[in-house]
Structures are given as C-alpha cells and as structure tokens.
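Chain by chain, the residues:
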Amino acid sequence: MKVLVLGGGGREHALCWALGRDHQVWCAPGNAGIAEIARCIDVDPTDTAAVREVALRAPVDLVVVGPEAPLVAGVADTLQAADIPVFGPTAEAARIEGSKAFAKDVMTAAGVATAGYWAGTDPEHARAALEDFAPPYVVKADGLAAGKGVRICADHAEAEQAITDLMVEQTLGAAGSMVVIEEFLDGPEVSVFGLCDGSDVVLLPPAQDFKRARDGNEGPNTGGMGAYSPYPIDDADFEKLRGSVFEPVMAELGSRGMRYVGVLYAGLILTRDGPKVLEFNARFGDPETQVVVPRLGGDLGRLLLACATGRLAQVDPPTVEDHACVAVVLASGGYPGAYQTGAPISGLDSAGNSEGRVVVFHAGTRRVDGDIVTAGGRVLAVTGCGATVADACATAYAAADRISFQGLHRRSDIAAGV
Ligand code: AMP
Ligand code: GLY
C-alpha cells in the first residue's frame, strides 16, 4: 500500500517508522527524521482540500491522521466524501476530544465511570456549583487549549479566580466560554489507545505519560516529556476496559449518527474505586505512541486500513512484544513557554547506534544545509527498549546522553523506580 500520514511530530515519526516496514509512506508535512524514511510533502494537514488533492494524485490507499487539528478541520469528512480510506474520526466525532462537556455527556449516556461534573456558560452559576464539590477543585475550559485548559485549585478562592479568568477575562478565548467543574480523581494516570472501526475495537498496551515539565512532576503542564509501556495493570482489569469504556462510547456515538473510526484514547485515573475516565482524545498520544508502537508486531497498515473500512473483526489483532519501552523527550530550553529554534543538533547518529535497542524519533526538527536543527518545543523522543522498564530506561538515557543542542532540557526521572 501507499499510506499518507498527516502531521510532523514524534508520534508521526513513530507511525511512519512502523508503517514503513510493510508499506510505502508519504507524510505531510513530516520533519527531518521522517524525511529519512518517508516522502515528505509540504502541505498543511489542516488544508483539507490540499490533502485530498495529494491523496488522489499519489494515489494513496490509506490516510492516517496524527494530530487533532486536521480532524477538527474536517479532513476525515473530506477524504471520506472522496472515497479515500481514512484512519481518524469525522469533525463531529472528534468533539469527544474538542469539547469536554460533550465528552462528559457521552460518558454519562453510555454509563462510563468518570469524575462527577458540572458544565455551563454562566460564571454566577459556575461559582454556585463549586458548593457541590470539595477541594482540590478542578476547573476546565470546555474547548481545546493546548494543555493550558485545566486548573487544579487548592481552595475556593483559587477556584473562583479560575472561573473569573476563563469565563470573564476570557484568558483562553472562546475555549473557556463554557467551563467544566469536576470532582478531583486521585490515583495513577494511564493512557490506553483503542483502535476503532465504528463497531469493534482493538486495545493497544497501556502506557504512562509524564506531563509536567520538570523532575518530580513539578513545573507547568506540557504535551508530555516522556513515557513508558507497559504500565503494570492486571490483565483482566485491562480487558474489562473494552466493555466498560470503549464499546459503550463507540455505541453511544453511533446511536447519535457518529460512526467512530480512528484512535479513541482514554486518559484514565486508576482510583481506589476502579478506573475512571479523565478525558478522551481522538488521536494517538504523543509521546505514548513512541513507546507503544515499537512494542507491536505485525502489519500496522493493514490494521489501520481495517479500521478505516469497517473490517477490524476480519484481521488478526497485533502481537505485543514482551519487552518494555521508555521514551525521553529532549525539549528546547523554555518549553512549554517561549523557546528558540534553529540550534544545530549533534550526536544523532551516535545515539542511534548506541548499545541496546534504540530509536531516535524526531519531533521538532528541520534540515538546513545538511545540518539537522531544532524547529519546535519538543525536539526529539529517544526511545529505548529492554527486557524490563528499568533496562529500557537505562538504554534510553544512555542514548539521550549522546545528543546535545543549545538549551536542551529534559527530565531525568522518566520511568524512574518503576
Ligand atoms: P486534561 O487536559 O484533561 O488531560 O488534564 C490535564 C491534567 O490535569 C491531567 O493529565 C491530570 O493530571 C489533571 N487532571 C485533569 N482533570 C483531573 C481530575 N478530575 N482529577 C485529577 N486530576 C485531573
Ligand atoms: N501525551 C498526551 C497527549 O498526547 O495528549
């Protein structure tokens, strides 16, 4: 097959890397690392008409959508209308990620365990609703806010301030015009990806992401500074998620006329009362993909095409290798705030050739006159694999130690002590 991947981050590099084992891969727009294994096309993935043109002209057999922005822009709708198989939900179904209130409504209707909540657009009502919750208060912007939409507030005054910021001062613009107030869930957080074809689902092995910028889970929220898989969870409990979370959500969306095709990514908190869904995303996680995909055997393209064409029940589920993977993200100084780009990166080849099984996935990189330079907040994700999480962790850090660029910052405690 010829497969077109949309996006240009570490997640897309991992997808291109796995798809490239069995297929010819194109990527729009890609990055310097992806360019070494795929044909990169300079097209904005949110320009749905331009994506359709590339897909028809190639022609490609399958389009795999990486980030949420092209989904929200309706790229799956446009491709479906042109009869091009696409792995990714329609814009309407992607609201499971784009609107927290919509996701809550779907979960309630589907009987999925989640944090108790209030949602509304009136700041007075929001302040009054705080009375129904206990500290710490969780106040969220309804819309997409690039990881800045959630405020965990220690006391009532802080929660009132969060409501004022979002709804009155509109610090996040339209994303905060509706607010969700939520019960605080206590427990470890785990990411589970379900590959969906509208009625069936294949669960991929669980991973844990490290969202805060600095060691010890301190500092601001980021897109993710590292991840590992497998996350230790009892097999039977894990399998139950299919019937308690994924199938009911897909069925509920289906009953509302939204056939859900693509990744349904459940962010779960393993509470003392069992797993509860914190949020859904309509795409693969980044950097979780960089630790989940290297553990899969078999033909990923065939699996994703089966989802896109509603034939998941007819293909074998992917084999999952026993080994563990750990990814360490190397970020630009200042990320997730302002950062500089254009710094030359050294040590990439040496890292890739270091001892043990290592893959250096590129996120924000660009090639300038033969040099690979930084071009984003998250620059690289160095994935190490090993028999145990501890082995994989040592391999990942030994490889990451060989890479340098001006301003490099990373966490030193990814998967530490697991
Ligand atoms: P989200 O943008 O919804 O993924 O939230 C960002 C982070 O805030 C999550 O990864 C959690 O660590 C934290 N968080 C969000 N909602 C809750 C909640 N109800 N209880 C505890 N932590 C939460
Ligand atoms: N790593 C979290 C996310 O992709 O949303």
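Residues numbered from 1 in each chain as written. Chains lettered and ligands numbered in written order. Predicted model: local features only at pLDDT ≥ 70, side-chain atom pairs only at ≥ 80, totals over all residues. Heavy atoms only, no water.

## Some points on the overall build of the protein chain
Okay, so step 1: Counting its regular elements, the protein chain contains 13 helices and 22 strands.
Okay, so step 2: Expected size for 418 residues packed as a compact globule is a radius of gyration near 22 Å; at 21 Å, the protein chain falls within 12% of this value.
Okay, so step 3: Expressed as lengths along the three principal axes of its C-alpha atoms, the size of the protein chain is roughly 60 × 45 × 40 Å.
Okay, so step 4: Burial status across the protein chain gives 57% buried among its 418 residues.
Okay, so step 5: Here the analysis covers contacts within the protein chain between residues at least 6 apart in sequence; of these, 67% occur between residues at least 24 apart.
Okay, so step 6: Within the structure as shown, the protein chain displays about 16500 Å² of accessible surface, and the carbon and sulfur contribution to it stands at 47%.
Okay, so step 7: In the protein chain, the 33 positive side-chain charges and the 54 negative ones have mean positions that sit 3 Å from each other. (Helix = DSSP H or I, 4+ residues; strand = E, 2+ residues; numbered from the N terminus. Rg over C-alpha atoms; globule rule 2.2 N^0.38 Å. Buried < 20%, exposed > 50% of the residue type's maximum accessible area, 1.4 Å probe, protein only. Contact = heavy atoms within 4.5 Å. Areas by Shrake-Rupley, 256 points an atom, 1.4 Å probe, with all protein chains shown as cover. Lys, Arg positive; Asp, Glu negative; His and termini not counted. Charge placed at Lys NZ, Arg CZ, Asp CG, Glu CD.)

## So, the sheet that holds strand β22 (residues 378-386)
Okay, so step 1: Within the open sheet, the five strands sit side by side as β12-β15-β18-β22-β19. Their pairing is antiparallel. One side of each edge strand has no neighbouring strand; the edge strands of this open sheet are β12 (208-209) and β19 (357-362).
Okay, so step 2: Of the strands in this sheet, β15 (226-229), β18 (324-331), β19 and β22 touch helix α13 (residues 389-400), which is tilted by about 140° from β22. (Pairing = 2+ DSSP bridges. Axes fitted to C-alpha atoms, helices over the stretch in contact; angles between N-to-C directions.)

## A word on helix α11 (residues 300-308)
Okay, so step 1: Across the nine residues of α11, eight count as buried, placing the element largely inside the fold.
Okay, so step 2: All of the buried residues in α11 are L300, G301, L303, L304, L305, A306, C307 and A308.
Okay, so step 3: Where α11 is buried, its residues touch α1 (10-19), β4 (62-65), β5 (86-87), β10 (189-197) and β16 (261-271).
Okay, so step 4: N-capping of α11 is provided by D299, with a side-chain oxygen placed 3.0 Å from the backbone N of G301.
Okay, so step 5: Positive phi shows up at G310, right after α11, with a value of about 70°. (Polar contact = N/O pair within 3.5 Å; in protein donor to acceptor, adjacent residues only side chain to side chain.)

## With respect to the packing of α1 against α11
Okay, so step 1: Their axes nearest at 8 Å, the elements α1 and α11 cross at an angle of 110°. Of the possible angle classes, the one that applies to α1 and α11 is roughly perpendicular. Between α1 and α11, the residues in contact are L15, A18 and L19 and L300, G301 and L304, respectively. (Parallel < 35°, antiparallel > 145°, perpendicular 65-115°, else oblique.)

## Quick word on empty space enclosed by the protein
Okay, so step 1: As enumerated under the stated definition, the model contains one cavity of 30 Å³ or more in all.
Okay, so step 2: Reported here for the largest cavity is a volume of approximately 50 Å³.
Okay, so step 3: Around the largest cavity, the lining residues are A18, R21, V293, L296, G297, G298, D299, L300, L303 and P318.
Okay, so step 4: Grouping the amino acids of the lining of the largest cavity by side-chain chemistry returns six nonpolar, two polar and two charged. (1 Å grid on protein atoms, 1.4 Å probe; cavity = no way out; pocket = protein on both sides within 12 Å on 5 of 7 lines; lining within 4 Å. Points joined across faces, edges and corners; volume = space filled by probe spheres on them. Nonpolar A, V, L, I, M, F, W, Y, C, P; charged D, E, K, R; others polar.)

## Some thoughts on the side chain of R411
Okay, so step 1: The topology assignment puts R411 in the segment after α13.
Okay, so step 2: Of note is the side chain of R411, whose polar atom sits 3.4 Å from the backbone oxygen of R214.
Okay, so step 3: Within the structure, the side chain of R411 is placed 2.8 Å from the side chain of D413, a separation counted as a polar contact.

## A short note on the sheet that holds strand β8 (residues 150-153)
Okay, so step 1: Spatially, β6-β9-β7-β8 is the arrangement adopted by the four strands of the open sheet, whose pairing is antiparallel. Here the strands that pair on one side only, and so sit at the sheet edges, are β6 (117-120) and β8. Pairs of neighbouring strands in the sheet enclose a mean axial angle of 15°, with direction left out of account.
Okay, so step 2: Where β6 lies against strand β9 (residues 179-182), four bridges are found, and the strand directions are antiparallel.

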